[in-house]
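Here is what each chain is made of, one letter per residue.
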Amino acid sequence: LREYPSADIVRAVLEGKTEVGIVAGHVSTAGLQTLPYFRDCMMLVVPPGHALAARRQVSFAEALPYEFVGMSAGGAMHSFIAGVAREHGWRLRLRIHVGNYDAMCRLIACGVGIGVVAESAARRHARTMDIRVLRLEDAWSEQPLKICVRSLEALPGLARALVQVLVQQAGADG
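Overview of the structure. Since we're looking at a predicted model, the values are computed, not measured.

### Quick look at helix α4 (residues 101-109)
Two residues of an α-helix separated by three or four positions point the same way, owing to the 3.6 residues in each turn. Along α4, the positions that sit buried rather than exposed are Tyr 101, Met 104, Cys 105 and Ile 108. Down the axis of α4, the buried set is contained in an arc of 95°. They therefore lie on one face. For α4, the secondary structure elements touched by its buried residues are β2 (33-46), β4 (68-71), α3 (76-87), β5 (94-98), β6 (115-118) and α5 (119-126). Where α4 begins, the side chain of Asn 100 points an oxygen toward the backbone nitrogen of Asp 102, at a separation of 3.1 Å. Positioned one or two residues after α4, Gly 111 has a phi angle of 85°, which is positive.

Rendered as structure tokens:
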């Protein structure tokens, strides 16, 4: 199991380098079979006492003046957020890159910066860390995910079973 930007995952599935991929809904999956997986929202996580901490929701543009804790450079989340900033002509002030949401939320709780985190992870970490979770108002913050394969019927048994479990789990969660 590896994390890559969605476009790279689509290419790997199309080229037969992997059997199954999970990609963002906005990425073209032409030539592949897809199944809806689940929808997650990107949230802004800030430390208590931050200028935005009392807000319930903000636009991404309102967060840009502040320093960010970002995910690993070249990872799917960093590539996505950097792409959003680039598309709007914005500059992201990255203070540090980390490898996972746990490390990101810990640094945010310590006041190192703010960050964009998937809602499921942000809410989970907010139960055990002193962080504030704010909804991002931007349309791009809604992230429908989908499972992609070359052919569901042609998948090896284990890969097909994995897809079935993922689809069932997504249905139960959502």
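### Some details on the pattern of salt bridges
Evaluation of the coordinates by the stated rule reveals eleven salt bridges. Between Asp 130 and Arg 132 there is a salt bridge; the shortest N-O distance is 2.9 Å. By relative accessible area, which is 31% here, Arg 132 ends up partly exposed. What emerges from the salt-bridge pattern is a single network uniting Glu 67, Arg 93 and Arg 95.

### Topic: α3
Over its twelve residues, α3 runs 16 Å from end to end, which matches the ideal 16 Å to within 8%, given 1.5 Å per residue. Within α3, burial applies to Met 77, His 78, Phe 80, Ile 81, Ala 82, Gly 83, Val 84 and Ala 85. Backbone geometry just downstream of α3 places Gly 89 in the positive-phi region, at approximately 75°.

### Some words on the pairing of β2
With seven bridges connecting them, β2 and strand β8 (residues 142-149) associate as antiparallel partners. Pairing of Cys 41 across the sheet is with Glu 142, part of β8. Where β2 lies against β6, four bridges are found, and the strand directions are antiparallel. Bridge pairing links Met 42 to Ala 118 in β6. Here β2 pairs with strand β7 (residues 132-136) via four bridges, running antiparallel. What sits directly across from Met 43, in β7, is Arg 135.

### Notes on the environment of Glu 142
Along the chain, Glu 142 falls in strand β8. We classify Glu 142 as partly exposed; its relative accessible area is 35%. If we skip the residues at most four places from it in the chain, Glu 142 touches Arg 39, Asp 40 and Cys 41.

### Looking at the side chain of His 125
Positionally, His 125 belongs in helix α5. For His 125, the residues in contact, after removing those within four places along its chain, are Tyr 101, Asp 102, Cys 105 and Ile 131.

### With respect to the nonpolar core
One recurring pattern in soluble globular proteins: nonpolar side chains tend to sit buried together. Residues Leu 44, Phe 60 and Phe 68 are the most contacted members of the largest nonpolar core, which totals 38 residues. Going through the elements one at a time, β2, α2 (60-63), β4, α3, α4, β6, α5 and β7 are the ones with two or more residues in this core. The greatest single-element share of this core, amounting to six residues, is contributed by β2. When neighbours within four sequence positions are excluded, Phe 68 is seen to be in contact with Leu 44, Phe 60, Ala 63, Leu 92, Arg 93, Leu 94, Arg 95, Ile 96, Ile 114, Gly 115 and Val 116. Core analysis: the next-biggest nonpolar cluster, separate from the first, contains nine residues, Tyr 37, Val 149, Leu 155 and Ala 170 among them.

Calculation notes
- Residues numbered from 1 in each chain as written.
- Predicted model: local features only at pLDDT ≥ 70, side-chain atom pairs only at ≥ 80, totals over all residues.
- Heavy atoms only, no water.
- Buried < 20%, exposed > 50% of the residue type's maximum accessible area, 1.4 Å probe, protein only.
- Helix = DSSP H or I, 4+ residues; strand = E, 2+ residues; numbered from the N terminus.
- Arc of directions from axis to C-beta.
- Contact = heavy atoms within 4.5 Å.
- Polar contact = N/O pair within 3.5 Å; in protein donor to acceptor, adjacent residues only side chain to side chain.
- Salt bridge = Lys/Arg side-chain N within 4 Å of Asp/Glu carboxyl O.
- Expected span 1.5 Å × (residues − 1).
- Pairing = 2+ DSSP bridges.
- Core = buried A, V, L, I, M, F, W, Y, C linked by side-chain atoms within 4.5 Å.

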